[in-house]
Amino acid sequence: MDNLSALLEGFATVVQPVYLLYALFGVFIGTAVGVLPGIGPAMTIALLLPLTYSLEPTAAIIVFAGIYYGGMYGGSTTSILLNTPGESSSIVTAIEGNKMARAGRGAAALATAAIGSFVAGSIATVALTFVAPVVARWAVQLGEPDYFALMVVAFITVGALLGTSVSRGLASLSLGLFLGLVGTDTLTGQQRFTFGVPNLADGINVVIVAVGLFAVGEALYVGSRLRHGPVRVIPVEKGWRTWMKRSDWKRSWKPWLRGTLIGFPVGTIPAGGADVATFLSYATERRLAGSRRDEFGRGAIEGVAGPEAANNAAASGVLVPLLTLGLPTTATAAIIIVAFQSYGIQPGPLLLQSESALVWALVASLYIGNLMLVVLNLPLVGMWVRVLQIPRHYLYAGIILFGALGSYALNFSPIDVLLLLVIGLIGFFMRRYGYPVAPMVVGMILGPMAEDRLRRSLAISQGDLSYLVTSPFAAIAYGSIIVLVGLGIWLQHRERRVSAELEKIAEGVRDAVATQEVSR
Amino acid sequence: MSPEEAPAGGGETAAARGDRPARRPGELVLAVATLALGVFVLVQAGTINVPGSTNTLGPRAFPYLVGAMAAIVGAILVIAVLRGKYGQEEGGEDVDAGAKTDWLTVVLLCVVFVVHVFTINLIGWPFAAMILFGGASFILGARPWWRALLTGLALGLVIQFVFGGLLGLSLPPGPLLEGVAIFRG
């Protein structure tokens, strides 16, 4: 029960007016950038990181928690109201939600997404509250080889699953691992891959790489193939109180709970993060729909409610390995680790003891942020619609400017900004040729940690390689790689088949809309 | 995300497919670069100093692993591309799946960015920001040019005031605003 009292103390911290304001600021910014196309939570946190150095750790972590949850909420608004799918985890929402909006049921889609996110977020945060301490207690017993095994699992699943092509994901991962090598070796003090440049002796700053890949690379890529003309947003009826009819509630509440049940566990294991969870939930809802199955692909509310809930539950699930093992399983989680490290805090099994106040303040701010989000989101949807309509030339110019500001603010050195452009160009080419950028960020952050574990393991065993696999946990972990990757690839195939099916229906609708417009 | 999932319209998807042969060389370059990086890391790892006191695993081992991984994946990718298996370029809300890559835009954006970098210390951050924002938005289609530039200036001054003045980030205000207290933390 001491977890509960710790949590209550966390609440006591967070409800102080200053921290409430920080939380509000976080969820507000998070939702705004979540709504904006082209910006995800990983990039937002990376951008804001240098700018929050003047804040104390608790305030900064609360802001980041708000951004994290807010970003998850905002994405669904975009995919429902814009006519093209956005960030990958909301693709299925885009399919069903967009169809609903076109049929004049956009308000119901937005409401079921927002309330579903709230339900899932709240339940998953409760789960996090109880699961995290258990995992942390168990993780203390893990040895060096066990951690190394866990990291190898994370490398392989992140590399193989965060993208459409396994080999390209692994290439991106190895590029990230290389960037992680640059600098001074921590154990022997030898310089590696610094090419005699003194600036590189401290290594390449992760913030520059993350902002370069996510912000500048994205802006360059979108700029190279910008969709010109006005932004077409599907109009939503006014009066949010009547958004969900009784029948909508009846059809939504089960998918919310099922989505949560699927999302949280999938989020906790390194298996590709929210994408897999949303897809699994979508497939489940489709299977369980019975007589309503025909509606799927044409705007079924279950197809919005379930995946949105799964998406948010997975986002909380990701925090379990992040806080208890220091293991990032998504790009956003990797950036959050960097944020922690920049305040001198190392996530891991001891975090709950050494920084207990901070962790529980973070968890408490997740509860409060969730509440703020559902209150903010529904009434403010008119404003988010206006945010969606920002002219794209200003939007992407702004993204580039804030990226440049963020990396300049690290050391106030123009060289960093130049390096940002170089990384941005790499990100541009990777996007253009289908290399996912997320594994690169994860590899860069996790690489040095993995090397450390590996060398310490072998120092203990005095060079005996079998020590790496003889502990039962490590053996199970290596065995699970095969299962996880096999499952992941099978899922991707299924996902592609289903989305191809849905795309056919979508094209039919688009053609019909186009002919209507022409005949008008 | 595959381009098939985000076509702007039925007819334009075909145009995107017709674009494919044109990007063969670029994709091959990236695959070869991955392979080359792997080989480079493998070779360079051998030159890392190993202090005598190191027991078992020294500073070279992990670079060897990383280099080997990049080289193997790079080789697989080169073979895949040569056999005609291409990557799926990333989609997005604002990406026109039917459009060809506009290289001029990319080059111009980079030029504006470099100008920004070299003007920060010369004319101050707010004005360098004006160049970057105004230039980038003009390149991306903002008209008329002076409105883009003025928006950039306003944004630059506001950021300078908020982050430089209020939050105490030491952004250089530049010679023009040197004496203005609100822009300095």
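Computed from a predicted model, the values in this text were never measured in an experiment.

Conventions and cut-offs
Residues numbered from 1 in each chain as written. Chains lettered and ligands numbered in written order. Predicted model: local features only at pLDDT ≥ 70, side-chain atom pairs only at ≥ 80, totals over all residues. Heavy atoms only, no water. Helix = DSSP H or I, 4+ residues; strand = E, 2+ residues; numbered from the N terminus. Expected span 1.5 Å × (residues − 1). Buried < 20%, exposed > 50% of the residue type's maximum accessible area, 1.4 Å probe, protein only. Contact = heavy atoms within 4.5 Å. pLDDT = per-residue confidence, 0-100. Axes fitted to C-alpha atoms, helices over the stretch in contact; angles between N-to-C directions. Parallel < 35°, antiparallel > 145°, perpendicular 65-115°, else oblique. Left-handed = near helix turned anticlockwise from the far one by under 90°. Nonpolar A, V, L, I, M, F, W, Y, C, P; charged D, E, K, R; others polar. Phe/Tyr/Trp six-rings, centres within 6.5 Å; stacked < 30°, edge-to-face > 60°. Lys NZ or Arg CZ within 6 Å of the ring centre and 35° of its normal.

## Details of helix α4 (residues 103-123) of chain B
Piece 1. Between its terminal C-alpha atoms α4 of chain B stretches 29 Å, which fits the 30 Å expected from 21 residues at 1.5 Å a residue.
Piece 2. Within the sequence span of α4 of chain B, burial applies to T105, V106, L109, C110, V112, F113, H116, V117, T119 and I120 of chain B.
Piece 3. Along its buried surface, α4 of chain B packs onto α8 (206-224), α16 (392-411) and α17 (414-432) of chain A together with α5 (125-139) of chain B.

## Side note on the confidence of the model for chain B
Residue and element names in this part refer to chain B.
Piece 1. Residues with a pLDDT of 70 or more make up 83% of chain B, whose mean pLDDT is 81.
Piece 2. Model confidence for chain B, summarised as mean pLDDT per element, is weakest for helix α1 (residues 10-18) at 38 and strongest for α5 at 95.
Piece 3. Note on residues 1-22: pLDDT under 50 across the span, and 38 contacts to partners over four residues away in sequence or across chains.

## Some thoughts on the packing of α8 of chain A against α17 of chain A
Residue and element names in this part refer to chain A.
Piece 1. Look at α8 against α17: their axes get within 7 Å of each other, and the N-to-C directions meet at 55 degrees. On the basis of the axis angle, α8 is oblique to α17. Of the two elements, α8 crosses α17, and the hand of that crossing is right-handed. Of the residues in α17, those touching α8 at I208, V209, V211, G212, L213, F214, V216, G217, E218, L220, Y221 and S224 are D416, L419, L420, I423, G424, L425, G427, F428, M430, R431 and R432.
Piece 2. Within the contact of α8 with α17, the residues separate by chemical class into 14 nonpolar, five polar and four charged.

## Things to note about the confidence of the model for chain A
Piece 1. For chain A, the mean per-residue pLDDT works out to 84, and 91% of the residues sit at or above 70.
Piece 2. The secondary structure element of chain A with the lowest average pLDDT is helix α20 (residues 472-519) of chain A, at 70, and the one with the highest is α17 of chain A, at 93.

## Points about the packing of aromatic side chains
Piece 1. Throughout the structure, instances matching the rule amount to 16 aromatic pairs over all chains.
Piece 2. Taken together, a centroid distance of 6.4 Å and an interplanar angle of 55 degrees make the contact between Y221 of chain A and F428 of chain A tilted. Remark: F428 of chain A occurs in helix α17 and Y221 of chain A occurs in helix α8; sequence separation between them is 207 residues.
Piece 3. Judged by relative accessible area, which is 0%, F428 of chain A ranks as buried.
Piece 4. Here the aromatic cluster, defined as three or more aromatic residues joined through ring pairs, consists of F178, F193 and F195 of chain A together with F40 of chain B.
Piece 5. Just above the ring of F138 of chain B sits the side chain of R143 of chain B; from NZ or CZ to the centre is 4.2 Å.

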